[in-house]
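For reference, the chains in residue letters:
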Amino acid sequence: MAIITEKDLQATYDVIVVGSGAGGGQSAYTLTMNGVKVLMLEAGRNYDPVTETPMFQSRADAPLRAMSTKEKPFGFHDATVDGGWEVPGEPYTQASTDPKQRFDWWRSRMLGGRTNHWGRISLRNGPYDFKPYSRDGLGFDWPLSYDDVAPYYDKVEMLVGVYGSNEGLENTPDSPNGTLLPAPKARAGELYVKKHVAKFGIPVIPIHRAILSTRQDHVNFPARLHPNNPKAQKIIAKAMQERAACFWATDCGRGCSIKANYQSTTVHLPPAHATGNLDILCNAHAREVTVGTDGKANGVIYIDKVTGQERAVKGRAVILAASSGETARILLNSKSNRFPNGLANGSGLVGKYIMDTVGAGLGGSVPAFENLPVHNEEGAGTHVYIPWWLYKDASKLGFARGYHIEFGTGRRMPGLGTGGASPGYGKSYKEEVRQKYGAGIGFSGRGEMIPNENSFCELDPTVKDKWGIPVLRFHWKWSEHETKQAAHMEATFAMMIDAIGGKARNPQADGSKAIDTGGRIIHEVGGAIMGADAKKSVTNQWNQCWEVPNVLLNDGSAFCSNADKNPTLTIMALAWRATDHLIEEMRKGNL
Amino acid sequence: MENIPADNSGQIDRRMALKWIGAAAAAAAVFPHASAQDKLPRPAATPTGQRIGTDPVLNKNYVPGDLWPLTLTPKQRKAAASLTDLIMPPDNPGDKLPSQLGVQEFIDEWISSPYDETSKDRPVITEGLDWLDAEAQRRFQKDFADLAEAQKCAIADDICGKTPVKKEFKSAQNFFGRFRYLAASGYYTTPQGWKDVGYVGNVPTVNFDGPTPEALKHLGLA
């Protein structure tokens, strides 16, 4: 990795990219493959999945059997280091003490950011998802359409490697032939659910995930990704050959030392580095974007976290991809005479309309799964899912938009609590543990939240982080669209558990109780929404700030809706598209 | 927001210290039914405050005691080992006893660690193990680990909850439930425990074959 220290910094760069996750990784990749000189600033430490991933450790090898702790919220072996709901020395605040108005903000201070830990679910937004206002009068239409983004979805899927299938379902786009990698087989329990919920018209289909079920087509993909760019083709062909196919063991959330799944650190950054056009400075926490007398951005001020000192770097353009909350924070903290309310905030919309995903879950025990003949059910995490299936019933549901369902069954790696619920002791106890192990199911709904006026972030007037930088204060409120949707999820889960002869644990009829706390699904987007009108949005369709065209927001901050589809694939597709446009504008001399 | 001090190794932060004081105060109420003479001196609670931290080395194998000092006295540890073996006796020839796999050391690691979720088990487990030996002495004049199998079962049957538990054993039942939860968690997370419970994953394979014909047949899908 092209990790540099401060003394190696160049006097100036073509583009400074803040953040190294999905948006920053994609931006740096696209820029450097086109010969643009890039400095990437990462607030966390350098991190190398090839040498640091605990690939085969059992939970018995971890302290406390890998229990979830405040420091390692997804368990000891999860890839995230220096991240979580709380980051030491870097607080954020809540505007309300009402637990229903909380927003929990996940941050990941490490190279690769949140791409090191995520479900790798890579669903395309469909045509409806870019025009939600036109369909039901709520929220905002995007200033672009599915057709504008589709070519970039194609490219991202080829670049990162996505398994899945084409099912031809409504608003659930197919990919061009030869783009997706083969979907892994469904597990026994998944097939059982599929059979028994078909009568409700609920489809169970292969999910799309950024995991190499086979190796990538390193012969044909490079030319499709980078036409007329032989150097880029050569670099990405080599990088693709350095990735192995999944060997169907160890949890993807730990990271992947054989590069079979997508992490920015194993997929975007190595080829970007190979171009010779990328410098990465870690432990560099961006505080603000600086502006020249011409009103354009000309660099970034950051805190060197090792020395605690403030530093400045120069660039012709700046791409913020720091996570939507952090990007909003940087803009709000970039105050100057010309931009007294923060950079690109003439509309007053920076920090507004933050969204997460609607989440609710329900588990149950399933006697039919007991004593299933033993076989390896590990696979690669999620193999199948249920896409939203009630588009035709939109007017009858009592809430707008919809959700998809992820679920898990089977005998997976034992953890804390395995065997803990059975009664007695001795041989009969152990027999019951064997009988019940894996005989359960868990459903999770992931649904669309509509942007609202009550969900936003702003600078806290008094609280600062350990570097003296003002922190974010969150305001949050779900609308009835979301809480009713959560109640619908619970009822659907209970219906499905019943249909497979199972017993549900405590279905929650009150959606406001069933719904997860804001931010808990870690799909935070918005805060600097894009639009067609400079007065009503922060960026144009190219993620370009209306008021400062050489600043791009290439993470989820420019999202003006948050479809049920997990945002990462769309962040990457839009980052690629916006970066192509930036390169073009720089070539034309427009910036 | 509550924040974890950036550098807290070797010292207890104020919030954790308050929690420990609270836990120690709560401990007195854990075994209200135990008579005063049954109570043996408890080990001094001397947590160092050492936590896992936000950036531990992940691809390294840890053993109990690596991160914080353990709590159980040799006598308590012996009782704990004996009880894990009673709860989960080996079924297959060649299998080790849970105590040979260090399950009691995991339980010790758990109760010795400075987390909300774990520290509340500390008085439950230490006092419970003391009660177990005291009860064994009362009934059979030996420590629990030295009892015959049938004698161990006589005590366990009274507190395991499979049949209605008498009022005087309610605290012991609570102890047994937590102990079993921890013992099972400790055991089934080991490679022997995996095999025992029917987990055969975590093995690299070229292809993911999906369900076997037998599994499909079991579910009426073949």
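Residues numbered from 1 in each chain as written. Chains lettered and ligands numbered in written order. Predicted model: local features only at pLDDT ≥ 70, side-chain atom pairs only at ≥ 80, totals over all residues. Heavy atoms only, no water.

1. Topic: the sheet that holds strand S16 (residues 456-464) of chain A
Residue and element names in this part refer to chain A. Test applied: One requirement defines pairing of two strands: DSSP has to find at least two bridges between them. Numbering of helices and strands runs from the N terminus, with a helix taken as a DSSP run of H or I at least four residues long and a strand as a DSSP run of E at least two residues long.
Strands sit in the order S4-S17-S16 across an open sheet of three strands; the sheet is mixed. With partners counted over all chains shown, the strands left at the sheet margins are strand S4 (93-94) and S16, one partner each. When S4 meets strand S17 (residues 470-475), the two strands line up parallel, connected through two bridges. The partner of Thr93 across the bridge, within S17, is Arg473.

2. So, the packing of aromatic side chains
All names here are of chain A. Our working definition: Classification of ring pairs uses Phe, Tyr and Trp, with its six-membered ring standing for Trp, and accepts pairs whose centres are within 6.5 Å; under 30 degrees between planes counts as stacked, over 60 as edge-to-face, and the remaining range as tilted. Whether a residue is buried, partly exposed or exposed follows from its accessible area with a 1.4 Å probe, protein chains only, as a fraction of its type maximum: under 20%, in between, or over 50%, in that order. Counting as a charge over the ring demands two things of the Lys NZ or Arg CZ atom: a distance within 6 Å of the ring centre and an angle within 35 degrees of the ring normal.
This model, assessed by the stated rule, comprises 32 aromatic pairs over all chains. Judged by centre distance (5.8 Å) and plane angle (75°), the ring pair of Tyr92 and Trp105 falls under edge-to-face. Of this pair, Tyr92 sits in the loop between strand S3 (83-84) and S4 while Trp105 sits in the loop between S4 and strand S5 (107-108), and the two are 13 residues apart along the sequence. By the burial criterion, Tyr92 is buried, and Trp105 matches it. Consider the rings of Tyr92 and Phe474, whose centres lie 5.7 Å apart with planes at 90°: the pair is edge-to-face. Linking Tyr92 in the loop between S3 and S4 with Phe474 in strand S17, this pair joins segments that are 382 residues apart in sequence. Among the aromatic residues, those joined into a ring-pair cluster are Tyr92, Phe103, Trp105, Phe474, Trp476 and Trp478. Of note, Arg520 hangs over the ring of Trp85, and the distance from its end group to the ring centre comes to 3.9 Å.

3. Brief notes about the pattern of salt bridges
Going by this rule: In the sections that follow, a salt bridge refers to a side-chain nitrogen of Lys or Arg positioned within 4 Å of a carboxyl oxygen of Asp or Glu.
Enumeration over the complete set of coordinates arrives at 46 salt bridges over all chains. Lys392 of chain A is the salt-bridge partner of Glu170 of chain A, the closest N and O atoms lying 2.9 Å from each other. Within this pair, whereas Glu170 of chain A is found in the loop between helix H4 (146-160) and helix H5 (188-197), its partner Lys392 of chain A is found in the loop between strand S13 (384-386) and strand S14 (403-409), the two being separated by 222 residues in sequence. The exposure class of Lys392 of chain A is exposed, given its relative accessible area of 66%. Of the charged contacts in the structure, one is a salt bridge between Asp196 of chain B and Lys430 of chain A, with a shortest N-O distance of 2.7 Å. Pair noted here: Asp196 of chain B is in helix H8 (residues 191-197) and Lys430 of chain A is in helix H10 (residues 426-436), and the two residues belong to different chains. Residue Lys430 of chain A is classed as buried on the basis of its relative accessible area, which comes to 0%. When salt bridges with common partners are traced through the structure, they connect Glu90, Arg109, Lys305, Glu326, Arg329 and Asp465 of chain A into a single cluster.

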